Amino acid sequence: MKKTFWYECISCGKKYKATKNITYCRNCGSPLIIRYPNDATFDKSRSKSIKDSIWRYWNLLPLHNERNIVSLGEGWTHLLKASRLSSYLGVKNLYLKNETTNPTGSFIDRGVSVAVSFAKEAGYKGTFCITKGNLGVSLAAYSAKADLKATIFIDRNIEIGKLYQIIAYGADVNIITEGKFTNTDFKNKDIFNLNAENPFIIEGKKTTIFEILEQMNWAKVDKIIVPFGSGGHIYAIWKGINELKERNVIGPMKVQIFGIKPKSCESSDNKKSIAIDLCIPSTKLSKFALNAIKETNGDLIYVSDEEILQSMMLLAHMEGIFAEPSAAITIAGLQHLLKKDLIEEDETIVSIITGFGLKNPRAIRILSPKPRKINSLIHNLDPSYGIRTMGRTKLEIMNFLNEKTMDYGYGIWKKLIKKGINLTLPAVYQHLNELEKLELITKVVSFDESTQKKKVFYKLTRRGLNLLRELYIR
Ligand SMILES: [Zn+2]
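Quick notes on the nonpolar core
So, step 1. Counting residues in each nonpolar core, the largest one holds 86 residues, and the members touching the most others are Trp 55, Val 112, Ile 152, Leu 194, Ile 224 and Tyr 235.
So, step 2. Leaving out residues up to four positions away in the same chain, Tyr 235 has contacts with Ile 10, Ile 33, Ile 202, Leu 285, Phe 288 and Ala 289.
So, step 3. Counting 34 residues, the second largest nonpolar core, distinct from the first, contains Ala 82, Leu 89, Ala 323 and Ala 363.

Below you can see the structure in the form of structure tokens.
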């Protein structure tokens with residue numbers, strides 16, 4: 001039987017043929033979603049016959065021909081009972097949907113597998129996206145598999161692990177340096193233009209809830225805790241639950257959805273959150289995700305960066321899951337729910353852990369209770385590394401110069417003392433001279449008109465900056 005599906009506007013209900021890639025309604029500008037006929041069943045036995053990936057839910061995924069599936073084995077990830085974390089937090093039934101094991105280390109692979117499969121089926125010649133991280137990583141990987149050229153525009157704040165991934169998959173990488181560049185500025189009709197609100201992405205993401213419920217043997221789940229970025233995952237989970245209800249796969253089960261966001265995304269001092277990829281300005285879909293949360297009696301919860309880092313540590317130390325900050329955030333959210341006394345003792349809770357920890361090495365260094373030990377371990381890895389013998393003082397000096405662009409000897413001396421490194425001023429100048437000899441910093445001399453005196457500043461050289469970056473990512 002030939003499969004049928006179409007686009008429908010999320011707001012005005014206008015329908016469109018799903019033969020090409022359209023993201024927004026031409027009538028009212030709202031996001032489009034995919035709909036299936038009522039006789040498209042969620043056939044439990046049939047779905048199992050496909051394979052252990054999202055494509056087991058073939059009947060409710062938007063693709064006509066199985067031959068066009070572009071899969072790297074996304075989805076069908078483990079749902080783990082978090083025994084140690086449960087007893088630590090004082091909950092009974094806590095499960096972790098471990099999305100870190102997806103092909104590129106992120107749940108987004110679910111959505112991108114569907115989008116790239118459709119791109120292939122519809123005859124597109126290449127793919128395009130603007131990204132803060134994981135969307136671009138995943139698009140690069142699936143485009144490689146589909147033999148489509150991926151053009152990826154990255155945000156300057158991208159985490160270094162994700163940039164390496166995009167490069168490794170062979171995408172054409174561009175950095176957005178200044179001004180606004182949006183998906184609508186990219187006009188090539190032969191290229192599949194993807195963003196987080198794309199209807200095919202949403203379809204892939206909805207399989208998270210299909211899997212969770214199937215893995216729970218269709219038993220009741222009370223609360224689902226999800227990171228809130230664009231709101232797409234949350235909307236998709238809500239859509240998935242409704243599709244199952246409409247097809248009587250589940251009864252009138254009430255699943256509360258909680259979205260978790262970093263507090264620092266909202267801060268006015270422009271402090272960058274450790275979970276930067278969740279700091280997305282409100283999208284057209286966000287409103288509908290918030291409605292979904294409201295309809296399920298859930299909530300949107302803000303947590304601090306400190307709480308996110310602590311949750312990363314809890315997950316890694318107690319459950320053996322190394323999650324990136326924007327994934328571990330759901331454990332921080334769970335702790336808020338517990339503090340507010342919003343969890344009943346026998347409730348079943350599923351926390352979605354969306355992405356792998358190595359994507360954000362910066363967090364690991366901040367996270368460690370013994371950063372000096374990490375430095376010492378890293379320095380000892382490779383004797384030719386140069387900075388092995390550099391010691392803490394020189395590294396601190398370089399860190400100061402990285403933060404402030406330029407400083408003079410006296411200022412650096414004061415900062416070192418503040419950090420508990422007690423040296424004489426001449427000793428500081430000795431360190432500065434040595435760093436200069438290594439060409440890691442350089443002198444800048446300026447003449448102060450008011451005092452009629454020369455002033456000597458120090459700043460990092462490109463080599464110094466690169467060295468700091470290397471240290472950061474190793
Ligand atoms: Zn519309």
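Some points on the packing of aromatic side chains
So, step 1. Here the structure, examined in full by the defined rule, presents 15 aromatic pairs.
So, step 2. On the numbers, 4.0 Å between centres and 20 degrees between planes, the contact of Phe 118 with Phe 200 is stacked. A residue pair is termed long-range when its members are at least 10 positions apart, and Phe 118 in helix α3 (residues 108–121) and Phe 200 in helix α6 (residues 199–205) qualify at 82 residues. For the pair shown, Phe 118 and Phe 200 are each scored as buried.
So, step 3. Aromatic ring contacts, followed pair by pair, group Tyr 7, Phe 118, Tyr 124, Phe 192 and Phe 200 into a single cluster.
So, step 4. Residue placement shows Lys 414 over the ring face of Trp 413; its charged tip is 5.4 Å from the ring centre.

Structural notes on the pattern of salt bridges
So, step 1. The final tally for this structure, using the stated rule, is 23 salt bridges.
So, step 2. The salt bridge partner of Glu 211 is Arg 110, with a shortest N-O separation of 2.9 Å. Pair noted here: Glu 211 is in helix α7 (residues 207–215) and Arg 110 is in helix α3, with a separation of 101 residues, a long-range link.
So, step 3. Note that Lys 415 and Asp 407 form a salt bridge whose closest N and O atoms lie 2.9 Å from each other.
So, step 4. Taken together, the shared-partner salt bridges connect Lys 97, Glu 99, Arg 110 and Glu 211 into one network.

Digging into a positive patch on the surface
So, step 1. Taken together, Lys 14, Arg 26, Lys 187 and Lys 189 make up a surface patch of like positive charges.
So, step 2. Within the element layout of this structure, Lys 14 appears in the loop between β1 (6–9) and β2 (15–17).
So, step 3. Judged by its relative accessible area of 39%, Lys 14 falls in the partly exposed class.

Thoughts on the state of the cysteines
So, step 1. Within the structure shown, the criterion is met by one disulfide.
So, step 2. Across the disulfide from Cys 265 sits Cys 279; the S-S distance is 2.0 Å. Judged by the torsion about the S-S bond (-80 degrees), the Cys 265/Cys 279 disulfide is left-handed. Residue Cys 265 is found in the loop between β11 (256–262) and α9 (286–295), and its partner Cys 279 is found in the loop between β11 and α9; the two are separated by 14 residues along the sequence.
So, step 3. Residue class for Cys 265 comes out partly exposed when judged on its relative accessible area of 22%.
So, step 4. Residue Cys 279 is classed as buried on the basis of its relative accessible area of 16%.
So, step 5. As a non-bridged cysteine, Cys 129 has Cys 279 as the owner of its nearest cysteine sulfur, 18 Å distant.

Some words on the coordination of the zinc ion
So, step 1. Around the zinc ion, the donor atoms from the protein are Cys 9 (SG), Cys 12 (SG), Cys 25 (SG) and Cys 28 (SG), and they sit 2.3 Å away.
So, step 2. Its four donor atoms give the zinc ion angles of 97 to 121 degrees at the centre, a pattern that matches the tetrahedral case.
So, step 3. Read N to C, the donor residues that coordinate the zinc ion are spaced as C-x2-C-x12-C-x2-C. Placement of Cys 12 in the loop between β1 and β2 and of Cys 28 in the loop between β2 and β3 (32–35) is noted, with a sequence separation of 16 residues between them.
So, step 4. Judged by relative accessible area, Cys 12 falls into the partly exposed class, the value being 38%.
So, step 5. Under the relative-accessibility criterion, Cys 28 is labelled partly exposed at 38%.

Cut-offs applied
- Residues numbered from 1 in each chain as written.
- Predicted model: local features only at pLDDT ≥ 70, side-chain atom pairs only at ≥ 80, totals over all residues.
- Heavy atoms only, no water.
- Core = buried A, V, L, I, M, F, W, Y, C linked by side-chain atoms within 4.5 Å.
- Buried < 20%, exposed > 50% of the residue type's maximum accessible area, 1.4 Å probe, protein only.
- Contact = heavy atoms within 4.5 Å.
- Phe/Tyr/Trp six-rings, centres within 6.5 Å; stacked < 30°, edge-to-face > 60°.
- Helix = DSSP H or I, 4+ residues; strand = E, 2+ residues; numbered from the N terminus.
- Lys NZ or Arg CZ within 6 Å of the ring centre and 35° of its normal.
- Salt bridge = Lys/Arg side-chain N within 4 Å of Asp/Glu carboxyl O.
- Patch = residues over 30% accessible without salt bridge, like charges linked within 9 Å, V, L, I, M, F, W, Y side chains within 5 Å.
- Areas by Shrake-Rupley, 256 points an atom, 1.4 Å probe, with all protein chains shown as cover.
- Lys, Arg positive; Asp, Glu negative; His and termini not counted.
- Charge placed at Lys NZ, Arg CZ, Asp CG, Glu CD.
- Disulfide = S-S within 2.5 Å.
- Donors = N, O, S within 2.8 Å, 3.2 Å for Na, K, Ca; no water.
- Tetrahedral: all angles 85-135°; square planar, octahedral: opposite > 155°, others 65-115°.

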